[in-house]
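So the chains spell out like this:
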Amino acid sequence: MIRILVFLTILFLSVTNTFAQKITICDENNLQPIENVMIFGEKQKNFVLSDIKGNADLSTLSGRKVLFFRHPSYEFKEFDFLKAINDKTIYLKESNIKISEVVIAANKWAQSRTEIPSKISSISAKQVDLLTPQTTADLLATGGEVFIQKSQQGGGSPMIRGFSTNRLLIAIDGVRMNTAIFRSGNLQNVISLDAFAIESTEIFFGPGSVIYGSDAIGGVMSFSTLSPTFSDSSEILIKGKSNARYSSANNELSGHFDINIGYNKWAYLTSFTYTKYGDLKMGSVGTNDYLREFYVLRENNTDVVKENSNSKMQNPSGYNQTNFMQKIGFKPNKRWNLTYGFHYSTTSNYDRYDRLIRTKNDLPRSAEWYYGPQTWMMNNLTVVNKTSSNLYNELTIRVAHQFFEESRHDRNFNALEKNHNVEKVNAVSVNFDFHKEISPKHQLFYGIESIYNGVNSIGEIEDISTGQISKGLARYPESNWQSYAAYATYNFEYSKKLRLNAGARYNQFLINAVFDTAHQFPFDKTKLSNGALTGSIGLVYNPIKNLWISSNLSTGFRSPNIDDMGKIFDSGEGIVVVPNTELGSEYAYNAEFDITHIIADVFKYNITAYYTLLDNALIRRDFQFNGQDSMLYKGEMCKVKAVQNGTQTKVQGVQAGIDIKFPAGFGFDTRFNYQKGTEEAENGTTGPSRHAAPMFGVIHLVYSKPKIKLDLYSIYTAEVSYSNLSVEERDKAYLYAKDTEGNPFSPSWYTINFKAMYQISRQFSVTAGVENITDIRYRPYSSGLTAAGRNYILALKALF
């Protein structure tokens, strides 16, 4: 009996001691558990990692006097062992100075940022929680390194390093979003992504064609959405969040929820968001050139010009959007992981605001100009295998189908004919990406890719007086675009101080198109076949601790797509763009130099200088159609233009960033971007490039302490004078303010903004703020929509 009691006592003490040596590690601001914190003792012979719930068992570290806590995103912390056991919960402070963040955009595999010669920036979910962007386009702008143009509220076209639209690539969960009808005009596809459901965002600056193929000339925007989380114990893991947000400038109302149910081998994630945006109100202080003095209504079968009772209200500009995502994860063992993802996004109709402010003979040019619902759907299966074979250590297979639908609807003032154009694209892609560790110093990344885009386009004309529908001109031919590619990149660690990265890719493209005979083109069908070889080579040098110097030479390309080759549309005042079947690829040649230095873990600076030459560039130029330089289009005699090869665009610039950690929880960071672009004109002269944004940046002064984070920041942009406007932008004078001589120009501007986030408990937080505190009236460069005036924001978040 005594032996039994002694045994039970020892067992009880052992179990108690085991539980007593378990701690939880949390973020001091949002109180959420931190996964993968490394905990070790003085001799660092062994270590412990915190799990998904932030829990860590310290029993293997018994006997240590001091514990050290290390995580790439948090400040290094030293803690007395016994105190840690007694406190049970350890709080870490997120670091303003991040050293070795892990990024994926460089080659689709996780790597330390310090191993990569290209510039990559990240936007975390925590930044999004504090800055509360309304759309994913606004999310990109929060980093201060991507300029956003808006033609309407339902839009947001990124500009990176002097390039935009179809010279930038968008990737979602590793899948290419760019389609065969991505155009050179401003794009709004990025708003289809749900900002609430994005886990992390990475921006790869400069050509990324070796990994991502065509279009990755100016950069790559890589978005990772929420992933299903498995349980690491016998208990079911249930977690989720809900968000609600209100913004006063457009009476935005947003609601979101997501829920994750995780088992050992199966995990399920569901996400849903609905947002309603009212008409956007501009600021009170600034030029009157942006005021909305009128709008059009149809009364008694006549278009009537109405005086806008509030000229600061941009009527009509409101719309709504719905996003849904479902993911299912299956992990049969440690070597295999399968994830199926379904994404769906759609909007209401939304007005092309910049077209509704145009006038002709003191009357509106358009009575109606709106986009139909922008719909995007993706089915994506990702298979990951980890093994030790001769071919690879890691393999990722991505098979995806995407469906896109967009439409344009326009009618001239007091016209009876209303034009309808509807475009649908079915995009199928298959990617095999491999990682092979040849030796600890030699890494090989390689893969193959196949893409197919089928394009369906219809045009209709509606007589609004009778409702009769007749056949109209389609925007695109019935067509398909195909891409087949193979690539490889090699990473060599020559020494602890020097690393080499090199890569190459070969791409073959095919286009098949059949044109509508109603266009009366001198051809009814065409085929294009185009190959492209690109490469990159870069060095990373780490001469002393926390100093990295890198240089990179890279090429990028863009193969002509259906939009380049086969589109017919009106691009502006009296201009029509027609097809050109004789096009080749454009090539970018890029050189950049980067230095990053962290001093005493409290000061960090980064400077990147780059130069990009785009050769054989695809650009709109004067053209002849059936031997004529003008043609009748939609009842108007228009000058003919077409996309053509044969010019050069040069972009040079500097990107800089500074991060400073001050005492008492204060911090400072800033991002600065200067880019100058020039392009050749038809007569051989050079002029400003349309897509090179003016100098811009952001400055943040932050304060952080447990449960509270404050951010006072300013966003600014330099002026673009008339002499520095591209010829194409000068032709769109209705977008711009007028200088003292009556010429269009884009004035400089800055806003002062304030955000505050308070963590009420581990489950509840509130964010409030004011944007554009001084109520400045400004319009970002090349935009048709004037930005929001003073905007009050309130956002609530609940976790479970």
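The rules behind the values
Residues numbered from 1 in each chain as written. Predicted model: local features only at pLDDT ≥ 70, side-chain atom pairs only at ≥ 80, totals over all residues. Heavy atoms only, no water. Helix = DSSP H or I, 4+ residues; strand = E, 2+ residues; numbered from the N terminus. Rg over C-alpha atoms; globule rule 2.2 N^0.38 Å. Areas by Shrake-Rupley, 256 points an atom, 1.4 Å probe, with all protein chains shown as cover. Lys, Arg positive; Asp, Glu negative; His and termini not counted. Charge placed at Lys NZ, Arg CZ, Asp CG, Glu CD. Core = buried A, V, L, I, M, F, W, Y, C linked by side-chain atoms within 4.5 Å. Buried < 20%, exposed > 50% of the residue type's maximum accessible area, 1.4 Å probe, protein only. Contact = heavy atoms within 4.5 Å. Phe/Tyr/Trp six-rings, centres within 6.5 Å; stacked < 30°, edge-to-face > 60°. Polar contact = N/O pair within 3.5 Å; in protein donor to acceptor, adjacent residues only side chain to side chain. Salt bridge = Lys/Arg side-chain N within 4 Å of Asp/Glu carboxyl O. Pairing = 2+ DSSP bridges. Axes fitted to C-alpha atoms, helices over the stretch in contact; angles between N-to-C directions.

Before going further, it helps to spend a moment on the overall build of the protein chain. In terms of regular secondary structure, the protein chain is built from 8 helices and 54 strands. Expected size for 800 residues packed as a compact globule is a radius of gyration near 28 Å; at 28 Å, the protein chain falls within 12% of this value. Considered along the principal axes of its C-alpha atoms, the protein chain spans approximately 105 × 60 × 50 Å. Carbon and sulfur atoms make up 57% of the accessible area of the protein chain, which totals about 33700 Å². In the protein chain, the 83 positive side-chain charges and the 78 negative ones have mean positions that sit 7 Å from each other.

Counting residues in each nonpolar core, the largest one holds 61 residues, and the members touching the most others are L140, I170, F223 and I562. Of all the elements, strand β43 (residues 603–622) adds the most residues to this core, at 4 residues. If we ignore the near neighbours within four places in the chain, the residues touching F223 are T136, L140, I170, A171, I172, D173, V190, L193, I198, S200 and T201.

Once that is clear, we can look at the packing of aromatic side chains. Going through the model one piece at a time under the given rule, you end up with 23 aromatic pairs. Relative to F272, the ring of F257 has its centre 6.3 Å away and its plane inclined at 40°; by these criteria the two rings are tilted. Here F257 is found in strand β19 (residues 252–262), whereas its partner F272 is found in strand β20 (residues 266–277), with 15 residues between them in sequence. Centroid distance W749 to Y778: 4.0 Å. Interplanar angle 25°. Geometry classified as stacked.

Inspection of the secondary structure assignment puts R167 in the loop between β13 (163–164) and β14 (168–172). Since its relative accessible area comes to 13%, R167 is described here as buried. A distance of 2.7 Å separates a polar atom in the side chain of R167 from the backbone oxygen of L618. Leave out the neighbours within four places in its chain, and R167 touches D215, A216, I217, G218, G219, R558, E586, L614, A617 and L618.

Using the criterion set out here, one finds 41 salt bridges in the structure. A salt bridge links D87 to K83; its shortest N-O distance comes to 3.1 Å. Placement of the pair is D87 and K83 together in helix α2 (residues 81–87), with a separation of 4 residues, close to one helical turn. A salt bridge links D258 to K241; the shortest N-O distance between them is 2.7 Å.

Ordered in space as β4-β1-β7, the 3 strands form an open sheet in which the pairing is mixed. Pairing within the sheet leaves two strands with one partner each, and these edge strands are β4 (55–57) and β7 (89–92). Averaged over all neighbouring strand pairs, the angle between strand axes comes to 30°, with direction disregarded. Here strand β1 (residues 22–27) runs beside β7; their pairing, made up of 4 bridges, is parallel. Note that in β7 the partner of I25 across the bridge is I90.

Take the pairing of β19 next. Remember that side chains alternate between the two faces of the sheet whenever the strand is regular. Here β19 shows a clear split, with E252, S254, H256, D258, N260 and G262 buried on one side and none of L253, G255, F257, I259 and I261 buried on the other. With 10 bridges joining them, β19 and β20 adopt antiparallel strand pairing. Looking across to β20, one finds that S254 is bridged to T275. Linking β19 to β20, which pair antiparallel, is a turn of 3 residues.

Spatially, 3 strands are ordered β11-β12-β13 in an open sheet, and the strand pairing comes out antiparallel. In the strand order of this sheet, the two ends are held by β11 (147–149) and β13, each with one partner. The pairing of β11 with strand β12 (residues 157–160) spans 3 bridges and is antiparallel. Paired with F147 across the bridge in β12 is M159.

In this fold, H700 is placed in strand β48 (residues 696–705). Take H700: its relative accessible area is 7%, and that puts it in the buried class. Here D711 takes part through its side chain, which lies 2.8 Å from a polar atom of the side chain of H700. Ignoring sequence-local partners within four residues, the contact set of H700 consists of L131, T142, G667, F668, D669, D711, L712 and Y713.

Another point: the environment of A56. With respect to the helices and strands, A56 occurs in strand β4. Assessed through its relative accessible area of 3%, A56 is described here as buried. Spatially, the C-alpha atoms of A56 and N36 are 9.5 Å apart, while their sequence positions differ by 20 residues. With near-sequence residues (within four places) excluded, A56 lies in contact with Q21, K22, I23, I39, V48 and S50.

Attention now goes to the environment of S536. Of note, S536 is situated in strand β38 (residues 525–541). Each C-alpha atom of the pair S536 and S209 lies 9.1 Å from the other, and the pair is 327 residues apart in sequence.

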